[in-house]
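Each chain, written out:
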Amino acid sequence: MKGRNMTRWRDPAKDPRQEPKSHLITAEGAERLRGILDHLSRVKRPALSAKVGEAAALGDRSENADYTYNKKELNRVIARIRYLTKRLDELQVVDRLPADTGKVYFGAFVTLEDEDEDGEEMAIRIVGHDEIDPAKRWISVDSPLAKALLGKPLDEEVTVAAPGGETTYVITEIAYRDPGK
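A. Fine view of the packing of helix α1 (residues 27–57) against helix α2 (residues 65–90). Contact geometry for α1 and α2: axes closest at 9 Å, N-to-C directions at 155 degrees. Considering their axes alone, α1 and α2 lie roughly antiparallel with respect to each other. For the pair α1 and α2, the crossing hand works out as left-handed.

B. Region of the structure containing the nonpolar core. In this structure, Val104, Val110, Leu112, Ile124, Leu145, Leu149 and Ile171 are the most contacted members of the largest nonpolar core, which totals 20 residues. Dropping the residues within four chain positions of it, Val110 is found in contact with Val104, Met122, Ala123, Ile124, Leu149, Ile171 and Glu173. Counting 16 residues, the second-largest nonpolar core is a separate cluster that includes Ile25, Ala30, Ala55 and Tyr67.

C. Spatial organisation of the environment of Gln92. Among the structural elements, Gln92 can be located in strand β2 (residues 92–94). A sequence separation of 29 residues divides Gln92 from Glu63, and the C-alpha atoms of the two residues are 46 Å apart. The residues contacting Gln92, other than those within four sequence positions of it, are His23, Leu24 and Ile25.

D. Geometry of the sheet that holds strand β3 (residues 109–114). Ordered by their spatial adjacency, 5 strands build an open sheet running β5-β4-β3-β7-β6, and the pairing between neighbours is mixed. Here the strands that pair on one side only, and so sit at the sheet edges, are β5 (138–140) and β6 (157–162). When the angles between neighbouring strand axes are averaged without regard to direction, this sheet yields 45 degrees. Two elements, β3 and strand β7 (residues 165–175), share 6 bridges in a ladder whose sense is antiparallel.

E. Layout of unusual backbone geometry. Phi at Arg137 is positive, roughly 65 degrees, even though this residue is not glycine. Of note, the phi angle at Asp155 is positive, near 65 degrees, even though the residue is not glycine. Within the secondary structure layout, Asp155 lies in the loop between α3 (144–149) and β6.

F. Geometry of α2. Compared with an ideal rise of 1.5 Å per residue, which puts 26 residues at 38 Å, α2 spans 38 Å between its outermost C-alpha atoms and is within 8% of the ideal. On its buried side, α2 packs onto α1. The backbone nitrogen of Asp66 lies 3.2 Å from a side-chain oxygen of the residue at the head of α2, namely Asn64.

What counts as what
- Residues numbered from 1 in each chain as written.
- Predicted model: local features only at pLDDT ≥ 70, side-chain atom pairs only at ≥ 80, totals over all residues.
- Heavy atoms only, no water.
- Axes fitted to C-alpha atoms, helices over the stretch in contact; angles between N-to-C directions.
- Helix = DSSP H or I, 4+ residues; strand = E, 2+ residues; numbered from the N terminus.
- Parallel < 35°, antiparallel > 145°, perpendicular 65-115°, else oblique.
- Left-handed = near helix turned anticlockwise from the far one by under 90°.
- Core = buried A, V, L, I, M, F, W, Y, C linked by side-chain atoms within 4.5 Å.
- Buried < 20%, exposed > 50% of the residue type's maximum accessible area, 1.4 Å probe, protein only.
- Contact = heavy atoms within 4.5 Å.
- Pairing = 2+ DSSP bridges.
- Expected span 1.5 Å × (residues − 1).
- Polar contact = N/O pair within 3.5 Å; in protein donor to acceptor, adjacent residues only side chain to side chain.

Right under this line is the structure:
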């Protein structure tokens, strides 16, 4: 069978897409997702429904590009609303600081110094899967680097397996943002 439905077979035991994702999210991340859901539900969906209705009233839908495009866009928005509603129900919001702020836990801003290179510093934040932002260097709590850092204190050496080989970092700073603010 050939065609668009064919995919490459992956061993489920080794497929990274099958790994369970944590259901943690920061308070500001949850608020951002709720804002997106609210915008899609209250603004975008009604506007697209109106456009589809107007285009449908013009007559022949089979050759009406405006109807076809807006209908596809409406279905995409409805699917996104459904996904966000389900995802927000299963997420656990972390809205308090850890008992020991001297160690790396979820939500921490961590500064690392690369021991293997020329002592370059890298600042990251450990966040939930839904909040990853490479531009801000926010990494998932499920990533190999975050897993290696969790529970480690200041000035601890951490070795992480990377595509280019193992890399060793030293934790030079740990900070937390107060979730109440």
